[in-house]
Amino acid sequence: MRFDQRHLLGIEPLRPDEITTILDLADQYVTFNRSRDKHANALAGLTQINMFFENSTRTQASFEIAGKRLGADVMNMAMQASSIKKGETLIDTAMTLNAMHPDLLVVRHPHSGAVDLLSQKVNCAVLNAGDGKHEHPTQALLDALTIRRAKGRLHRLNIAICGDIAHSRVARSNILLLHKMENRIRLVGPSTLMPSGIEHFGVEVYDDMRKGLEDVDVVMMLRLQRERMDGGFIPSEREYYHRYGLDAAKLSVAKDDAIVMHPGPMNRGVEIDGTLADDINRSVIQDQVEMGVAVRMAAMDLLARNLRANPKEVMA
Amino acid sequence: MTKTLITNAKLIDPEADSVSPGAILIENGVIAERFDTPAPDVAGADIVDAGGKCLAPGIVDIGVKVGEPGERHKESYGTAGLAAAAGGVTTIVTRPDTTPCIDTPEALEFIRRRANEAAPVHVLPMAALTKGRDGREMTEFGFLMDAGAVAFTDCDNVVGDTKVLARAMTYAQSLDALVMGHPQEPTLSKGAAVSSGKFATLRGLPAVSPMAERMGLDRDIALVEMTGARYHADVITAARALPSLERAKRNGFDVTAGTSMHHLTLNELDVADYRTFFKVKPPLRSEDDRQAIVAAVRDGLIDIIGSFHTPQDEESKRLPYEEAASGAVGLETMLPVLLRLYHSGELELPTLFRALSLNPAKRLGLDAGRLAKGAPADLVLFDADKPFVLDRFKLKSKSKNTPFDSARLQGKVLGTWVSGQRVFEA
C-alpha cells in the first residue's frame, strides 16, 4: 500500500495503485460510518480548514463530517463573504491562513488552477474540492468507489459520461481516473458541450444518446451547468431533455444491470427523469453521497500520515 | 568627432543575406565605411576588436510597451532603454496602450520628451487608432503624424465595428499612414486564456481556436483591398492564418506581418501547471503552429519579429491563470532566445536580422537595419555561442516577468551602438 502525495490537487498526478490505496481505505471507512460509534482519532490534533470560494452545501458538508469523524478540528470559511471581497489576493489569503498553522486545507475556487497556485504557498496538505473547469478529484474517487462496490471491479467496464462535459470538472477528473483504471469511456452529449481536443483523451464521443448508451455498465449523468454558460450552448432545456435527458426509454439500451449515477445537485426533468433518479434498483445516487464521506476520510487520513511522516518537508 | 573602427568582426548582413569577415568604421553617427578585410588601416580611429564575433544592424523592435504614462512602477523609459541597449535593440517602437493611452498629440509629445530624456536608444512612438482605444472614433492622424507617430494601432483592443475601421483605414490611406492591426475575431476570443485543444481541456481553461486569428486577418485584408491602406498585422501565430497572408501579398496589397519571439520559441505546453509568466496574447499555440510560423519567417512570408515587451509586476502575475495579466518582457532576452532557432538550424543569422532589423526599419521608412555605408551606426555586437543561464532578477527591466527564467540560453550581447555612441558594453 503506497500513497506518495503531499496534496490531492487532481487525479492527473495519481498512480493507479494510489487510487486503489484510497479506495481500499475508503471501503473500511464505509463500514465504520455505518456503525453507531463513529469517532476515530486519525486526524486528532490536526486542524482542517474548509475554504470555499464558490457556493457549496454538499461537498462542504461531506468534508466537514469526514474531518470530524476522524477527530480533526474543523473550521469552515465562506470566502465569498470574506476578505476576498475587500480586494485581498488569493496568495495573501493563503499566507494569512498559513500563519495559523492548519494541517489540511480543503479548497474550492471558481478559477482553474487556483488550488494549485495556493498549494505552492502553504505548508499544509491541500485538497482540491473543485477548481473552475479543471478537476474535482474527490468526486471522481467517490464515483470510482461507488462503481467498484456496485460492479465488483473498476476495470474493463463500459462507462458513459453524459451531458455537459465542456463545463464539468467532474467529467475531467472522471475521464482521467477511469482511463487510468483501464475502462472504456464514452462521452455522450451535444457537440457544443464537448470540450476542444476531447478526441485525444482516449474516449469515444457520441452525439446520439441511444447509440452512446448501448451495452454500457454505468451511466454517469452530469448536471447542466447553467451558471457557467454564457449563453447559446443548447437551443432550449426541453430540446435538451428530449435528446439528452436520461429516461427509462434511453436507459433500456444499456445493460440490464447498468447503474445510474449523478454527482448532484440534479436538475430533474432537464438531464434526468425524476422517477428514474429515485429508482433504487438502478440509481446509486444516494450511495454516491455516502461514499463521498468515506473517500474524503480516506484521502485526508492518507495525506495526514504523509504529513506526520515528513513534518520537515515544507515550503520556504 | 572621433572615429571608431570595429575590427575582426563577423558581419551579419541581412540586405546581402551574407555572413563575412570584415570591419566597420563609425564616424558622425553613421557607418562611414565598410571593409571586407578584418583589420584595415584607418588613421586616428579608436579600435574596438570584435574578436571574430558577430556584428549586425541593431534591432528595431515594433510593439514595445513602456509603463509611461500611468504604470511607471512597471517600466520607465529609463529602464526600458537600458534593457533595450543590453539586448541589442537600438530602436524601440512603443505601443500606445498606456494609461491614459496615447491618442492625442499632447500625450505623444509627453512621451517623446520623456524618451529623449531617459532612453539611450531611439524611441519612436505609435499612436492609438481610435480615441481611448475604444473602437468608436478615429484619432487625429494628421496631428499625431506631425508630432512623430510612426503607426496607428489599438493594440489588442480589436476594433470590432468594421465600419469604424473601414473609415479609419480610408483616412489613413489619404495620409499614407501605417495601420497596425491585431488579427483576432474579438467575440470569439473574448475571455480566452489559452488556445483550444487537449491542453486547454486538461487544464480546464477558457480557450479560443487559432481560427479566430485567421478570421481577424481575413477581415483586415478585405479592408486593405477596399481602402488601399498600408497595413501591418502585429502578431501572426497560427498556421491557419498563413494562406490568407500569402494570398494578400501575392495580390500585391500593401500588407506586412509580424510575429513574436515567444510564439517562435515556445508552445502551449510550456504553460504546464498554470505558469502565468507564459500567459501572452494571443495565447501560445501548438508545436505545429510554432514550426509553421518559424518556416514563414524563414520564407519571408512573415516579415518582422518583435519582443512585444510587456512589463507586468509580480502582483499582476501571481493570480489564478484566467485572472493573471498577459504579456512578458523581452527587450533584453529577445536576441539570445531567438538564437535558439539559429542553434537548432531553423533560421540563419542574416534571416533572423532581416526580420529583427532590416524589415521593421523598411516598414517604418527608416534608414536603419543595414550594414551599408551611410546607414546609421546602430549596431549590435554579440557572441552567438556563449552559453549562460538566465536569471530574471538580473534583467534591467523594472518588471521581471520573463518566461525564460532559469532557461539555458546561448548567445550574449557584447556591445550596442546607437548613432555611433556605445550605449552598452557587456
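Residues numbered from 1 in each chain as written. Chains lettered and ligands numbered in written order. Predicted model: local features only at pLDDT ≥ 70, side-chain atom pairs only at ≥ 80, totals over all residues. Heavy atoms only, no water.

Student: Can you break down the overall build of chain B residue by residue, with the values?
Tutor: Of the regular secondary structure elements, chain B holds 13 helices and 17 strands. Expected size for 426 residues packed as a compact globule is a radius of gyration near 22 Å; at 21 Å, chain B falls within 12% of this value. Seen along its three principal axes, the alpha-carbon backbone of chain B occupies a region of about 65 × 50 × 45 Å. Taking all 426 residues of chain B together, 62% fall into the buried category. For chain B, long-range pairs separated by at least 24 residues make up 75% of all intrachain contacts whose partners lie at least 6 apart in sequence. Accessible surface for chain B amounts to roughly 15600 Å². Of this, 48% is attributable to carbon and sulfur atoms. Distance between charge centroids for chain B: 3 Å, based on 49 positive and 57 negative side chains. (Helix = DSSP H or I, 4+ residues; strand = E, 2+ residues; numbered from the N terminus. Rg over C-alpha atoms; globule rule 2.2 N^0.38 Å. Buried < 20%, exposed > 50% of the residue type's maximum accessible area, 1.4 Å probe, protein only. Contact = heavy atoms within 4.5 Å. Areas by Shrake-Rupley, 256 points an atom, 1.4 Å probe, with all protein chains shown as cover. Lys, Arg positive; Asp, Glu negative; His and termini not counted. Charge placed at Lys NZ, Arg CZ, Asp CG, Glu CD.)

Student: Which residues make up the packing of aromatic side chains, and what values go with them?
Tutor: Applying the stated criterion across every chain, the model contains five aromatic pairs over all chains. Relative to Tyr244(A), the ring of Tyr240(A) lies with its centre 5.7 Å away and its plane at 40°, an arrangement referred to as tilted. Here Tyr244(A) and Tyr240(A) lie together in helix H8 (residues 237-244), a separation of four residues that amounts to about one turn. Here Tyr240(A) falls in the buried class, since its relative accessible area comes to 3%. Judged by relative accessible area, which is 4%, Tyr244(A) ranks as buried. On the basis of an interplanar angle of 25° and a centroid distance of 5.5 Å, the ring pair of Phe353(B) and Phe382(B) is categorised as stacked. Taken together, the residues Phe353(B) in helix H13 (residues 349-363) and Phe382(B) in strand E15 (residues 379-389) connect sequence positions 29 residues apart. When its relative accessible area of 0% is taken as the criterion, Phe353(B) is described as buried. By the ring-pair criterion, three or more aromatic residues cluster together here, those being Phe141(B), Phe152(B) and Tyr171(B). The side chain of Lys198(B) reaches across the aromatic face of Phe201(A), ending 5.8 Å from its centre. (Phe/Tyr/Trp six-rings, centres within 6.5 Å; stacked < 30°, edge-to-face > 60°. Lys NZ or Arg CZ within 6 Å of the ring centre and 35° of its normal.)

Student: Summarise the nonpolar core; cite the residues concerned and give the values.
Tutor: Phe353(B) and Phe382(B) are the most contacted members of the largest nonpolar core, which has 101 residues in total. Taken domain by domain, this core gets at least three of its residues from each of domain 1 (3-54 + 377-425) and domain 2 (58-363) of chain B. Counting 68 residues, the second largest nonpolar core, distinct from the first, contains Ile22(A), Leu187(A), Val293(A) and Leu202(B). (Core = buried A, V, L, I, M, F, W, Y, C linked by side-chain atoms within 4.5 Å. Domains from an automatic or database assignment.)

Student: Which residues make up unusual backbone geometry, and what are the values?
Tutor: For the bond from Glu68(B) to Pro69(B), the omega torsion is -5°, close enough to zero to count as cis. Structurally, Pro69(B) is set in the loop between strand E6 (59-64) and helix H1 (77-86). Here the residue pair Thr99(B) and Pro100(B) is connected by a cis peptide bond, since its omega of -5° sits within 30 degrees of zero. Mapped onto the secondary structure, Pro100(B) falls in the loop between strand E7 (89-94) and helix H2 (105-118). Phi at Asp215(A) takes a positive value of approximately 60°, unusual for a residue other than glycine. By secondary structure assignment, the location of Asp215(A) is in the loop between helix H7 (209-212) and strand E8 (218-221). Positive phi, close to 50°, is recorded for Arg133(B), a residue that is not glycine. Among the secondary structure elements, Arg133(B) is positioned in the loop between strand E8 (122-125) and helix H3 (141-146). Arg133(B) gets classed as buried once you look at its relative accessible area, which sits at 15%.

Student: Before we move on, can you summarise the domain arrangement of chain B with the specific residues and values?
Tutor: Residue and element names in this part refer to chain B. The assigned domain composition of chain B is domain 1 (3-54 + 377-425) and domain 2 (58-363). Here the C-alpha centroids of domain 1 and domain 2 sit 26 Å apart. Across the domain 1/domain 2 interface, buried area totals approximately 3400 Å², and carbon plus sulfur atoms make up 66% of it. For domain 1, the biggest contributors to the area lost against domain 2 are Lys398, Asn401 and Phe404; these three give 20% of the whole. On inspection of domain 1 and its partner domain 2, the count reaches one salt bridge. Put simply, Glu314 and Arg392 hold a salt bridge, and the shortest N to O gap is 3.0 Å. Within the residue set of the side of domain 1 that touches domain 2, elements represented by two or more residues are strand E1 (3-13), strand E2 (18-27), E15, strand E16 (408-418) and strand E17 (421-425). Sorting elements by how many residues they give to the side of domain 1 that touches domain 2 places E16 first, with eight residues. Among the residues forming the side of domain 1 that touches domain 2, the class breakdown is 20 nonpolar, nine polar and eleven charged. (Buried area = accessible area lost by both parts, 1.4 Å probe. Salt bridge = Lys/Arg side-chain N within 4 Å of Asp/Glu carboxyl O. Nonpolar A, V, L, I, M, F, W, Y, C, P; charged D, E, K, R; others polar.)

Student: Talk me through the pattern of salt bridges; I want residue IDs and the actual numbers.
Tutor: Residues and elements named next belong to chain A. Taken as a whole and assessed by the stated rule, the structure comprises 44 salt bridges over all chains. Residue Arg15 is joined to Asp17 by a salt bridge in which the shortest nitrogen-to-oxygen separation is 2.8 Å. What makes Asp17 partly exposed here is its relative accessible area of 34%. In this structure, the salt-bridge partner of Asp301 is Arg305, at a minimum N-O distance of 3.0 Å. Taken as a pair, Asp301 and Arg305 lie in helix H11 (residues 285-309) at a separation of four residues, close to a single helical turn. Residue classification places Asp301 among the buried positions, given a relative accessible area of 5%. Overall, Arg305 belongs to the partly exposed group, its relative accessible area being 39%. Linked through salt bridges whose partners overlap, the residues forming this network are Arg2, Asp4, Arg15, Asp17 and Glu18.

Student: If you had to explain the interface of chain B and chain A to someone new, which residues and values would you point to?
Tutor: Listed per partner, the contact involves 17 residues of chain B and 21 residues of chain A. Taken together, both faces of the contact between chain B and chain A bury some 1600 Å²; the carbon and sulfur share is 60%. Taken together, the connections running from chain B to chain A amount to one salt bridge. Inspection of the region where chain B meets chain A yields seven residue pairs in polar contact (both at pLDDT 80 or more). (Polar contact = N/O pair within 3.5 Å; in protein donor to acceptor, adjacent residues only side chain to side chain.)

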